[in-house]
Amino acid sequence: MLKQSQMLIPTLREVPADAEIASHKLLLRAGMARQLASGIYTYLPLALRTLHKIQAIVREEMNRAGGQELLMPAMQPAELWHQTGRWDVYGPELVRLQDRHDRSFALGPTHEEVITSLVRDEINSYKKLPINLYQIQTKFRDEVRPRFGLIRCREFIMKDAYSFDTTQEGLDINFQAMYDAYTRIFTRVGLNFRAVEADAGAIGGKGTYEFMALCEIGEDTIAYSEEGDFAANLEKAEVVYKPSAKPEGEVPAFEKVHTPGVKTIEQLTKAMNVDAKQIIKSLIYRVDEKLVMILVRGDHELNEVKLKNLYDATQVGLAQEADLRALTGAPAGFVGPVGLDTEKVEIIADNYVQDVHDGIVGANEADYHLAHVVIGRDFKVGRFADLRNITEGDECPRTGGAIKFARGVEVGHVFKLGTKYSQAIGATFLDENGRSQPMIMGCYGIGVSRTIAAAIEQNNDENGIIWPVAIAPFHVHVIPVNVKVDEQRLTSEQVTEQLHRAGVEVLFDDRPERAGVKFKDADLIGLPLRITVSDKAAQEGTVEVRIRKTGETHNVNLDELVPTVKKLLASIDHTGAELFGE
Ligand code: 9G3
């Protein structure tokens, strides 16, 4: 069994400046990873032990859910990507190469094309379906801006699974089985995660969830409610609308107000001394080829994904300044719905605009706004829809509780694909009537290497990593205060051997370093327990056992060490309880 003096664990006191986030800094400082090139990392022995533990949990749960593991090539013939039309859809992110015969290949960023062509060639009867095939494999995506260490790499390790069914119901069953397996996996790994309803995006198919590890550096914002398990990607979160009572009293006819240079909502609330709720923002968008004016209340933000989905458009974007002038005669900040030719531009509004009764809009004239406008009287709205971003405090669409925001990193993603790939690649099956049908697919990914980083992001303090027991590189660090003292070294070796025989993984720090240096490294590497062997072992037959997570220390009799260590490991977190609980 290896001792620390023989292992490659190059800990650092300082890290390169470009390491911005905790997990990136700690992976480098704890001697777990080294960058070979931008977004490309070597997993050193400690990181590989954690990686293997995560993969073991993934395999157990995937196999339990009926998945069959296989391993596909990374080199994928371009022809397959031409069949699905994706060769031209993806830009420089798709790593391409020519082989010695000048044939084009992609280094696989994902494997829909490959797995579907395999199943096309090997399965064609409904009797052989459903099937769920998965792999754990290196993926290549030439990210424009790799960052955050193992969070966003150009070469990373993914578990990707693909299910093939004969019916939509069958897919629903496989999808649920994968959803449940992911919940077990991320629980067993010790991640604090939420499954959020996400927008299907370009991959197609309806029904998709992202498994998000909650952490501040996450790029995605999650809207979740404290009660129940509702959680949605900000892009997808629906906003419930309940009409509020119309206030009494007539609204006077609208009037022009001189608002020189007042362009933003902020400035307008000050200039007119009104609340943003009184203002109706008029945004002009190009939706595919058509111009649309979208009205949202001044204190809300337009959700472009909802706009795109409303029109089932392929792309949406703010109209150019020239479009605004041509349409309204006014520059940005002063456009509004009153007097617009609805032949030229459709006017739609977010549901909450209906609550604006005595509103303010742009006057379609530079440096002027209109006050006291009333929807219906002064301008018509083609249709109302849920078009705004959910905000903290909104009512949860499921539980009615208050919505809260959290940031997260996507560590898993489950998709219902439908027949998009089976149709394109020709993976069909003969049904019981002998008719040829395209298989119905789902695909399911876990960012295995990213999960290492997410776990560190969620479990660290100023001294280093605090590993969940289940994925710690080792369970216990054994450190003699002074390895030159024979009794201390002998006792350390005996303790290491004893624990090892009992199934507890030990890293024995036999380096001839000062105790302080070894303790600092132990805190950095972050194993769940640290056993310090001092002269007290010879004098009193005790050693000190310290819990990394809480700093709690126990003086333990050597003859009770094994059961005590197991009890303590079981007490640290639920992953330890699962492994070492009685
Ligand atoms: C590409 C490139 C990048 C990509 C893709 C294709 C993301 C791509 C989506 C998926 C969907 C699922 C199976 C496992 C779970 C995720 N980035 N996606 O298809 F060519 Cl360069 O990968 N695939």
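As the structure is a computational prediction, the values presented were derived from the model and not from experiment.

Moving on: the overall build of the protein. Regarding its fold elements, the protein presents 15 helices and 31 strands. With the principal axes as the frame, the protein shows a C-alpha extent of 95 × 65 × 45 Å. Considering the protein as a whole, with its 582 residues, one finds that 53% of them fall into the buried category. Counted over contacts in the protein with a minimum sequence separation of 6, partners at least 24 positions apart contribute 69%. Surface exposure of the protein reaches about 26100 Å², of which carbon and sulfur atoms provide 50%.

The next subject is the site of the ligand. Around the ligand, the surrounding shell holds 17 residues, and the nearest of these are Trp81, Arg86, Thr110, Glu112 and Arg141. A distance of 2.8 Å separates a nitrogen atom of the ligand from a polar atom in the side chain of Thr110. Considering the ligand on its own, with 510 Å² of exposed area, one finds that the protein chains cover 90% of that surface. Counting only elements with at least two residues in the shell around the ligand, the list comes to β8 (155-165) and β24 (440-447). Taken together, the residues of the shell around the ligand break down into 10 nonpolar, two polar and five charged.

When we look at a pair of aromatic rings, we describe it by the centre distance and by the angle of the planes. Enumeration over the complete set of coordinates arrives at 10 aromatic pairs. Ring geometry for Phe186 versus Phe211: centroids 5.7 Å apart, planes at 35 degrees, classification tilted. Placement of Phe186 in helix α5 (residues 168-189) and of Phe211 in strand β10 (residues 208-214) is noted, with a sequence separation of 25 residues between them. For Phe186, a relative accessible area of 1% gives the class buried. Given a relative accessible area of 0%, Phe211 falls into the buried group. Here a set of aromatic residues connected by ring pairs shows up, and it is made of Phe175, Tyr179, Tyr182, Phe186, Phe193, Tyr209, Phe211 and Tyr444. Here the basic side chain of Arg96 rests over the ring of Trp87, its NZ or CZ set 4.6 Å away from the ring centre. Over the aromatic face of Phe175 sits the side chain of Lys416, whose NZ or CZ is 4.8 Å from the ring centroid.

Core analysis: the biggest nonpolar cluster contains 63 residues, and Phe186 and Trp467 have the highest contact counts within it. Here the element with the most residues in this core is α5; it accounts for eight residues. The residues that make up this core include at least three from each of domain 1 (17-237 + 405-457) and domain 3 (464-572). Contact partners of Trp467, with chain neighbours within four places excluded, come to Met32, Thr50, Ile452, Ala455, Ile456, Ala472, Pro473, Ile525, Gly526, Leu527, Pro528 and Asp573. Among the nonpolar cores identified, the runner-up in size contains 25 residues, and Met72, Leu133, Tyr162 and Phe429 belong to it.

The assigned domain composition of the protein is domain 1 (17-237 + 405-457), domain 2 (255-385) and domain 3 (464-572). The distance between the C-alpha centroids of domain 1 and domain 2 comes to 40 Å. Contacts between domain 1 and domain 2 engage five residues on the former and four residues on the latter. Of the roughly 300 Å² buried where domain 1 meets domain 2, counting both sides, 38% is carbon and sulfur surface. Taken together, the links from domain 1 to domain 2 amount to zero salt bridges. Viewed at the interface, domain 2 and domain 1 are joined by three residue pairs in polar contact (both at pLDDT 80 or more).

Here the focus is the side chain of Asn459. Structurally, Asn459 can be placed in the loop between α10 (448-458) and β25 (460-461). At 2.8 Å, the side chain of Asn459 and the backbone oxygen of Ala455 are in polar contact. In contact with Asn459, other than residues within four places in its own chain, are Ile465, Ile466 and Pro468.

This brings us to unusual backbone geometry. Here the bond from Leu129 into Pro130 is cis, since omega is 0 degrees, no more than 30 degrees from zero. Although it is not a glycine, Asn364 adopts a positive phi angle of roughly 60 degrees. Secondary-structure assignment places Asn364 in strand β18 (residues 359-365). You can call Asn364 buried: its relative accessible area is 14%.

Here we come to the pattern of salt bridges. By the definition in use, this model includes 43 salt bridges. The residue Asp431 makes a salt bridge to Arg435 at a minimum N-O spacing of 3.7 Å. Between Arg489 and Glu493 there is a salt bridge; the shortest N-O distance is 3.7 Å. Of this pair, Arg489 and Glu493 both sit in helix α11 (residues 486-501), separated by four residues, roughly a single helical turn.

For Asp165, the position within the fold is in strand β8. By relative accessible area, Asp165 is classed as buried at 3%. With 274 residues separating them along the chain, Asp165 and Met439 place their C-alpha atoms 5.7 Å apart. Discounting residues that sit within four places of it in the chain, Asp165 has contacts with Leu129, Pro130, Gly170, Leu171, Asn174, Phe429, Met439 and Ile440. At 2.8 Å, the side chain of Asp165 forms a polar contact with the side chain of Asn174.

Cut-offs applied
Each chain carries its own residue numbering, running from 1 in the written order of its sequence. Restriction of local features to residues with pLDDT of at least 70 applies here, the model being predicted, together with a cutoff of 80 or more for giving and counting side-chain atom pairs; totals for whole chains, interfaces and linings are based on all residues. Water and hydrogen atoms were dropped before computing side-chain values, which therefore reflect all heavy atoms in the structure. Starting at the N terminus, helices and strands are each numbered in turn, a helix being any DSSP run of H or I of at least four residues and a strand any DSSP run of E of at least two. In this scheme, a residue with accessible area under 20% of its type's maximum is buried, one over 50% is exposed, and one in between is partly exposed, where area comes from a 1.4 Å probe on protein chains only. Two residues form a contact once any of their heavy atoms are found within 4.5 Å. Per-residue and other accessible areas follow the Shrake-Rupley method at a 1.4 Å probe size, with only the shown protein chains counted as cover for residues. Only heavy atoms are used to decide nearness, and a residue is near a molecule or strand if one of them lies within 4 Å of it. Polar contact is defined as a pair of N or O atoms within 3.5 Å, subject to the rule that within protein one atom must be able to donate a hydrogen and the other to accept it, and that residues adjacent in sequence are counted only when both atoms are side-chain atoms. Residues are sorted three ways: Asp, Glu, Lys and Arg are charged, Ala, Val, Leu, Ile, Met, Phe, Trp, Tyr, Cys and Pro are nonpolar, and all the rest, Gly among them, are polar. Working definition: a ring pair exists when centres of Phe, Tyr or Trp rings (six-membered ring for Trp) sit within 6.5 Å. Plane angles under 30 degrees give stacked, over 60 give edge-to-face, the rest tilted. Two conditions define a charge sitting above a ring: the NZ of Lys or the CZ of Arg must be within 6 Å of the ring centre, and it must be within 35 degrees of the ring normal. In these notes, a set of buried Ala, Val, Leu, Ile, Met, Phe, Trp, Tyr and Cys residues joined through side-chain atoms within 4.5 Å is what counts as a nonpolar core. Delimitation of the domains relies on an automatic or database domain assignment. Accessible surface is computed with a 1.4 Å probe, and the buried area is the amount of it that two parts give up when combined, taken over both parts together. By definition here, a salt bridge exists when the distance from a side-chain nitrogen of Lys or Arg to a carboxyl oxygen of Asp or Glu is within 4 Å.

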